[in-house]
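# An overview of the molecular structure
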Amino acid sequence: MKKILTVLLVLSLALMGVFAQGAKESAPAEEVRYGELDPMYVDKNGDMVADAPEDPSMWLDPDTLIFAYAPVEDPAVYEEVFVDFQRHLEEVTGKKVKWFAVTNYATQIEAMRAGRLHVSGFAAGTVQDAVNTGGFVPQTVMGTADGFVGYRMAIITYKGSGIKTIDDLKGKNIAFVSESSNSGYSAPRALLYQNFGILPNKDYQVSFSGKHDNSITGVYNKDYDAGAIADTVLARMVAGGRVPDPAEWCDVIYESDIFPPTAWGVNYRLKPELQEKVREAFLTYNWEGTLMKETWPEDDRFIPVDYAKDYAVLRTIREGSENVAKLLGE
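Residues numbered from 1 in each chain as written. Predicted model: local features only at pLDDT ≥ 70, side-chain atom pairs only at ≥ 80, totals over all residues. Heavy atoms only, no water.

## Quick look at the overall build of the protein chain
Secondary structure summary: the protein chain contains 13 helices and eleven strands in total. The buried share of the protein chain, reckoned over its 330 residues, is 44%. Within the protein chain, counting contacts between residues at least 6 apart in sequence, those at least 24 apart form 75% of the total. For the protein chain, the accessible area works out to roughly 17,000 Å², and carbon and sulfur atoms hold 52% of it. (Helix = DSSP H or I, 4+ residues; strand = E, 2+ residues; numbered from the N terminus. Buried < 20%, exposed > 50% of the residue type's maximum accessible area, 1.4 Å probe, protein only. Contact = heavy atoms within 4.5 Å. Areas by Shrake-Rupley, 256 points an atom, 1.4 Å probe, with all protein chains shown as cover.)

## Notes on the packing of helix 4 (residues 105-113) against helix 5 (residues 124-134)
Interaxial distance between helix 4 and helix 5 falls to 9 Å at its minimum, and their mutual angle equals 30°. The angle between helix 4 and helix 5 falls in the class roughly parallel. Every pair of crossing elements has a handedness; the one defined by helix 4 and helix 5 is right-handed. Residues Tyr105, Ile109, Met112 and Arg113 of helix 4 pack against Thr126, Asp129, Ala130, Thr133 and Gly134 of helix 5. (Axes fitted to C-alpha atoms, helices over the stretch in contact; angles between N-to-C directions. Parallel < 35°, antiparallel > 145°, perpendicular 65-115°, else oblique. Left-handed = near helix turned anticlockwise from the far one by under 90°.)

## Quick word on the side chain of glutamine 139
Among the secondary structure elements, glutamine 139 is positioned in strand 4 (residues 136-143). Residue classification places glutamine 139 among the buried residues on the basis of a relative accessible area of 5%. With sequence-adjacent residues up to four places away left out, glutamine 139 is seen in contact with Trp264, Gly265, Val266, Gln275, Val278, Arg279, Phe282, Ile303, Pro304 and Val305.

## With respect to helix 3 (residues 83-93)
Restricting attention to buried positions, one finds in helix 3 the residues Phe85, Gln86, His88, Leu89, Val92 and Thr93. Down the axis of helix 3, the smallest arc covering the buried residues is 155°, so these residues share one side. Against the buried residues of helix 3 lie strand 1 (64-68), helix 2 (75-81), strand 2 (96-99), helix 10 (272-284), helix 11 (291-295) and strand 11 (301-304). Two residues or fewer past helix 3, glycine 94 is found with a positive phi of approximately 75°. (Arc of directions from axis to C-beta.)

In structure tokens, the structure reads:
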């Protein structure tokens, strides 16, 4: 009997060990948040950008960094603009730097995804795709000590229109610029739906003015009930004496968050220490007396950027545009 009990005890302990091992193996793994990212990327810290690979064999540590700016009409002009910065990047990283003249956004994103592009600037409208499908890690934007210089989409109306809130726009005639305009078309129709649930040509009527200037003067002359415009255009028109001080005739019933500028950063596969060196190069570059300063006179430095926070408005616009298009059958 004793022997039987001993055998049963041994078997029980063995089975407990098996069950424990099975439970250990089936325990949920550490949560990995992907967000909008392509499944090939991992985002464990939830900052919405791809983490560097955990396997060092996947890191990129090239002798020559490939550097690019966003596609422009004449890449040769901008190649000259960035010569001085590229020298600085070489000094800080200890790497050679080679200019890559991209011809379109698809090529730029694909080069980043394939690991052929290491350091780059992506225009604001392409940053989301570059992050999600190309493994781009935004580090900085151009700006000043006060932050980056951007602009807002504003919806304005004339004083006495009776429009005080977004809800008052229902049934009214709103001036949009053209279908190719971000702040004069894509942004307002997306944000008005995402934030307030109202749709163009259902809840309000759309008129196309052709230019921000026309939308502003149209509201000023009461040709439109309201208009969606870029606030910088209104400021320029006031400075040029083309319309009076807005305080005299205009009410702003909505302003978006600031639209961020071009993002500068790295390929997620760059060796983590090299990523930090590139970031250091951006943040320590002296603009004084450079072609960079001549080209972007409103800026004087690179400043840190937070993709999750600073590009949220553009992600909202993208999502809103897709939702509106589906609802309208476009």
